[in-house]
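Descriptive analysis of the structure
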Amino acid sequence: MRQKYSILCFLIMAIIFASCAHRPPAERDYEDVSYNPSAAELERTGIPVIKIVTDDGQEIESKSEWKAALIEVIGNHCGFENVSIETMKIKGRGNTTWGLPKRPYSIKLDSKSEILGMKKSKRWVLIANYSDKALLRNDYASYLGNSLYDACWNPSFKSVHLILNDTYRGVYLFGEQIKIDKNRVNIKSIGKSKDDEGGFIFEINERLDEKFNFKTKKGVCISLKDPDDVDSEVQQKVQAMIQTAEDVLFGKHPEDPENGWRKYFDEKSVIDWYLTNEITKNIDAAYWGSIYFYFEPKDGLFHMGPSWDFDISCGNVYYDGGDKYTGLFVKEKSVWVRRLFSDPEFVAKLKQRWNSTKQELYDSINTWIPEQAALLEASAEHNFKKWQILGNYVWPNEFGFSERKTYQSEVDYLINWLNLRYEYLDKAINRLK
């Protein structure tokens, strides 16, 4: 009996050890609170500096309550006009990223302003990219969405240094927030009445944490993003529109040229959204969150996009096979997209789009990314003095993180992963039938 008990204990301990061996180590706060370079020193790195001072001088601790502040954008040393705005508001943003040590923020100006060459708007974001040690994944996805896969508007970003309340916070992406606006998602917004002809932006969002949320018959979690404050009749109207589109997609003849899915979805935007997310193997694109689509009243179609949230894409995640460069991940995981692959015409157009853009895609991996990394090299040095995470685990880095102790090694990993992904996809997509 004692021998059996010993064997049982040994087996239990072996199982526990084996499972622990594949878990990431506990996360720590790697911030060097004493590191606080001046704005003048940061300017010399070649990217803009953004200084924000809250009226009360205190930290931003809420994602729901706006805090009054002033903002100064110093960009003349790198070709942009300086901007100084004395009245604006700032709050926290993000979901998982809000819980990380380097926090992201939303900005709301009192009036529309052009900032760092990006078109006028009131709403802007500061993306922290804490988990992305190459500091490039969101920026690269934006590049793809604005140059190769541009069927709809996609946000633009600029890398900046952030100084918040006189404390250096690191390298951020400053950029455009997804909103209905003539300089963003340029559609007429639906009004207060169900009879109003207008558009709206939705997010596929497992958290269901907006003012109006619902699940489709196929279990797709939908949140109304903009406008978010509409009455119940409008809510019922837009829910019915989405459900009708899904019903047709999963009906007996979705490929029907007149009454099939193309009557409801813009095919070009679906293909471009798919390629952007499949190339980067974006984990969130598995119908978890940050998947945006909008209804355009002018053509009466749902358009996929804009693309958003790529900091844990391109092999930068340890779970769900996200570190592996193989597999048609989005095709298999995304409920609506998976169904589209049953339509031979969709597959043919997808293959055509891939083959017509793949040379530019290859060039972007091996030219654009190295060029951007070179521009960020001096700035990254400051970022990683502030956040000493190179070679250390931060959620949800894949398990090779400990071998990459320099910024360049993180950039090299990103480029190598994307090249392997490119080679795999070129064969896999062209084998589709």
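Here, every reference points to the structure presented above.
Presented here is a report on the structure given in the accompanying data block. All values reported here derive from a predicted model rather than from experimental measurement.

Right, let's get into the pattern of salt bridges. Under the criterion given, the structure shown has 26 salt bridges. Ionic pairing is found between E31 and R169, a salt bridge with its closest N-O pair at 3.0 Å. Of this pair, E31 sits in the loop between α1 (2–21) and α2 (39–43) while R169 is found in strand β7 (residues 167–176), placing the two residues 138 residues apart along the sequence. In this structure, K386 engages E31 in a salt bridge whose closest nitrogen and oxygen atoms are separated by 3.2 Å. Of the two residues, K386 sits in helix α8 (residues 344–386) while E31 sits in the loop between α1 and α2, which places them 355 residues apart along the sequence.

Direction of pairing for strand β1 (residues 49–54) relative to strand β2 (residues 67–74): antiparallel, over a ladder of six bridges. Note that in β2 the partner of V49 across the bridge is I74. Two strands pair when backbone bridges link them, and β2 and strand β3 (residues 83–92) are joined in this way by six bridges, in the antiparallel orientation. Within β3, the position partnered with A68 by the bridge is K89.

What follows covers the sheet that holds strand β9 (residues 213–215). Reading across the sheet, the five strands line up as β9-β10-β8-β11-β12 and stay open at both edges, with antiparallel pairing between neighbours. Each of the sheet's edge strands pairs with one partner strand only, and the pair in question is β9 and β12 (301–304). Here the average twist between neighbouring strands, direction ignored, is 30°. Sheet topology places β9 next to strand β10 (residues 221–226); three bridges connect them, and they run antiparallel. The partner of K215 across the bridge, within β10, is C221.

All right, on to the sheet that holds strand β5 (residues 118–127) then. Reading around the circumference, β1-β2-β3-β4-β5-β7-β6 is the order of the seven strands in this closed barrel, with mixed pairing throughout. Pairs of neighbouring strands in the sheet enclose a mean axial angle of 35°, with direction left out of account. Here six bridges tie strand β4 (residues 105–115) to β5, and the two strands are oriented antiparallel to one another. Looking at β5, one finds that I107 is bridged to W124. The sheet strands contacting α8 are β6 (157–164) and β7, and the helix crosses β7 at an angle near 130°.

Within soluble globular proteins, side chains that are nonpolar generally end up buried alongside one another. W336 and L361 are the most contacted members of the largest nonpolar core, which has 90 residues in total. Per element, the largest residue contribution to this core is 12 residues, and it comes from α8. Apart from the residues within four sequence positions on either side, L361 is in contact with Y140, L144, L148, Y149, I279, W354 and Y422.

Bringing the side chain of E278 into the picture now. In this fold, E278 is placed in helix α5 (residues 267–279). A distance of 3.0 Å separates the side chain of E278 from the backbone nitrogen of F329, its partner in a polar contact. Contact partners of E278, with chain neighbours within four places excluded, come to G327, L328, F329, V330, K331, R421 and L425.

Along the polypeptide, V230 turns up in the loop between β10 and α4 (232–249). The class of V230 is buried, set by a relative accessible area of 10%. Separated by 160 residues in sequence, V230 and L70 place their C-alpha atoms 31 Å apart. When sequence neighbours within four positions are dropped, the list of residues in contact with V230 reads G191, L224 and Q235.

Below, the discussion takes up the packing of α8 against helix α9 (residues 407–431). Relative orientation and spacing of two packed helices are given, respectively, by the angle between their axes and the distance between those axes. Across the interface, α8 lies against α9 with an axial gap of 9 Å and an inter-helix angle of 170°. Between α8 and α9, the angle is such that the two are roughly antiparallel. Class assignment of the residues belonging to the contact of α8 with α9 gives a composition of 18 nonpolar, four polar and four charged.

In the structure shown here, the tally under the stated rule is 30 aromatic pairs. Plain terms: the ring middles of Y274 and F341 are 5.4 Å apart, the flat faces sit at 65° to each other, and that makes the pair edge-to-face. A residue pair is termed long-range when its members are at least 10 positions apart, and Y274 in helix α5 and F341 in the loop between α7 (335–340) and α8 qualify at 67 residues. With centroids separated by 5.8 Å and ring planes inclined at 65°, the aromatic side chains of F293 and F302 adopt a geometry described as edge-to-face. On the basis of relative accessible area, F293 is assigned to the buried category, the value being 1%. The structure contains a cluster of three or more aromatic residues connected by ring pairs, namely F200, F202, F212, F214, F265, Y287, F293, F295, F302 and W336. Over the face of the ring belonging to W98 we find R103, whose NZ or CZ atom lies 4.2 Å from the ring centre. Above the plane of the ring of F341 lies K331, whose end atom (NZ or CZ) is 5.2 Å from the centre.

A few words on the side chain of E176. Its place among the elements puts E176 in strand β7. A polar contact is formed between the side chain of E176 and the backbone nitrogen of S156, at a distance of 2.9 Å. Excluding residues that lie within four positions of it along the chain, E176 makes contacts with M118, K119, W124, V125, W153, N154, P155, S156, F157, R184 and W308.

Conventions and cut-offs
Residues numbered from 1 in each chain as written. Predicted model: local features only at pLDDT ≥ 70, side-chain atom pairs only at ≥ 80, totals over all residues. Heavy atoms only, no water. Salt bridge = Lys/Arg side-chain N within 4 Å of Asp/Glu carboxyl O. Helix = DSSP H or I, 4+ residues; strand = E, 2+ residues; numbered from the N terminus. Pairing = 2+ DSSP bridges. Axes fitted to C-alpha atoms, helices over the stretch in contact; angles between N-to-C directions. Contact = heavy atoms within 4.5 Å. Core = buried A, V, L, I, M, F, W, Y, C linked by side-chain atoms within 4.5 Å. Buried < 20%, exposed > 50% of the residue type's maximum accessible area, 1.4 Å probe, protein only. Polar contact = N/O pair within 3.5 Å; in protein donor to acceptor, adjacent residues only side chain to side chain. Parallel < 35°, antiparallel > 145°, perpendicular 65-115°, else oblique. Nonpolar A, V, L, I, M, F, W, Y, C, P; charged D, E, K, R; others polar. Phe/Tyr/Trp six-rings, centres within 6.5 Å; stacked < 30°, edge-to-face > 60°. Lys NZ or Arg CZ within 6 Å of the ring centre and 35° of its normal.

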